[in-house]
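Residue-level structural notes
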Amino acid sequence: MVGMLLCNRPWMYSAVDSNPLSVYVMHPFWNFVVKFLPTWLAPNLITFTGFMFLVLNFLMLAFYDFDFTASAAGHEHVPSWVWVAAGIFNFLAYTLDGVDGKQARRTNSSTPLGELFDHGLDSWACIFFVATVYSIFGRGDSGVGVATLYYILWVVLFSFILSHWEKYNTGILFLPWGYDISQVTISLIYLVTAVVGVETWYQPIVWHFLYRDLFTFMIVVCSFTVTVPMSLYNVLKGHRSKTLKHSSLYEAFLPFLSPVLLFVLSTTWVVFSPSNILNLQPRIFYLMVGTAFANVTCKLIVCQMSNTRCQALSWLLLPMTPVVLLAVTGVVANEVLLLYLWTAAVILAHIHYGVSVVQQLSSHFNILTFSLKKPNSD
């Protein structure tokens, strides 16, 4: 069905990247790197490998710092080699995310599947990136509280979906400046942490302003002073000039309904949890929220690629509503078990959705996901 939607409408990848770091530094670097890749290497395999580096970082830090306390004073810290690996893996993931499109154009293999595969995995990568970075500061006295990080995660998630909301309305993907800057900066911070130790981040930068405060300040300010205003400006400008793909502001803002409802449901669970579930299991709760958000975002990406109307409500929110009610009312005594079961269900549902869409597109366009060969060809 997804293949039919994309086939019946003209497809062209349209994106604008005006970030000076990206234009003058990273793109020349990626153009250099892609020359070393064999021409038989499928772009989607590059995309997936980069994504798995971020998953590996998440799992590696989960092993050494599951509850985000390892960086606090008095706790056994994450080994230095882990931070070195995290820095290398993060930069490799960023690099592969930059060269996959260039490899597609180089091998003349650009397809709607490639765009969906790339941006779909990017939407899920948000949670793995944020949770791994959190381990640098942790939740100690000099760290960031789990509730604060929860809202920071939502700032990152909404910043991500804004770009695809813009494309849903304008037909152009405006790549956010914060992405390139954050990826390079965090890769370096991982490496610096390996050398100087997490104790360095305990020290104030000036007066009582700590590095954790700078971390929070940069994310929030970048989002609300750059990302949000520019997205709103681009869409409202299109509305005034009657160039939007959707006729009314209601239709234009419809994609936000499911993400907002997801925020309301998850925040209700956080605020009214009888056992303070976010404090008990922050990593699993973040993973649940980030995965559910990725599922909602992927459906928006399909709609903006196929020029179809965004569905008002994601079906995943329907079973989540009674789950949250069971948790906050105390009907289910073991709230941690409920969270684990629901997180597993969300992950499986998202993987099932992703695999189904990829299979439909591969079958419809007669292409292989991880190979440039044609199906049934020698």
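Before reading further, recall that the structure is shown in the block above.
Side note on the overall build of the chain
Tallying secondary structure elements over the chain gives 14 helices and 4 strands in all. Here the C-alpha atoms of the chain give a radius of gyration of 21 Å, agreeing with the 21 Å that 2.2 N^0.38 yields for 378 residues. On the principal axes, the C-alpha backbone points of the chain span a range of 60 × 50 × 50 Å. A burial count over the chain gives 49% of its 378 residues as buried. The long-range share in the chain, meaning contacts at least 24 apart out of those at least 6 apart in sequence, stands at 82%. Just so you have it, the chain exposes about 17400 Å², and 70% of that area is on carbon and sulfur atoms. Across the chain, 17 positive and 17 negative side-chain charges occur, with their mean positions spaced 14 Å apart.

Quick notes on unusual backbone geometry
One non-glycine residue, Asn 276, lies in positive phi territory at about 55 degrees. Topologically, Asn 276 is positioned in the loop between α10 (257–272) and α11 (277–280). Backbone geometry at Asn 307 places phi at a positive 55 degrees, although glycine is not the residue there. You can see Asn 307 is positioned in the loop between α12 (282–306) and α13 (317–328). The class for Asn 307 is partly exposed, based on a relative accessible area of 36%.

Observations concerning a nonpolar patch on the surface
Taken together, Ile 205, Val 206, Trp 207, Phe 209, Leu 214, Phe 217, Met 218 and Val 221 make up a surface patch of nonpolar side chains, about 770 Å² in accessible area. Elements represented by at least two residues in the nonpolar patch include exactly β3 (204–206) and α8 (211–240). Of the residues forming the nonpolar patch, the biggest block, 4 residues, is contributed by α8. By the secondary structure assignment, Leu 214 is in helix α8.

Basis of the calculations
- Residue positions are given per chain, counted from 1 along the sequence in the order it is written.
- Reporting of local features is limited, given that this is a predicted model, to residues whose pLDDT is at least 70; pairs of side-chain atoms are given and counted only at 80 or more, and all residues count toward the totals for whole chains, interfaces and linings.
- No hydrogens and no water enter the side-chain calculation; it runs on all heavy atoms of the structure.
- The secondary structure listing takes helices from DSSP runs of H or I that are at least 4 residues long and strands from runs of E that are at least 2 residues long, numbered from the N terminus.
- Radius of gyration: C-alpha atoms only; globule rule: 2.2 Å multiplied by the number of residues to the exponent 0.38.
- Each residue gets one of three labels from its accessible area relative to the maximum for its type: buried under 20%, exposed over 50%, partly exposed in between, using a 1.4 Å probe on protein chains only.
- Should any heavy atoms of two residues lie within 4.5 Å, those residues are considered in contact.
- Using a 1.4 Å probe, the Shrake-Rupley method yields the accessible areas, and only the shown protein chains count as cover for residues.
- In this tally, Lys and Arg are treated as positive and Asp and Glu as negative; His is ignored, and so are the chain termini.
- Just so you know, the charge point we use is NZ for Lys, CZ for Arg, CG for Asp and CD for Glu.
- By definition, no residue in a patch forms a salt bridge, and every one has over 30% relative accessible area; like charges are joined within 9 Å, nonpolar side chains (Val, Leu, Ile, Met, Phe, Trp, Tyr) within 5 Å.
- Any Lys or Arg side-chain nitrogen located within 4 Å of an Asp or Glu carboxyl oxygen qualifies as a salt bridge.

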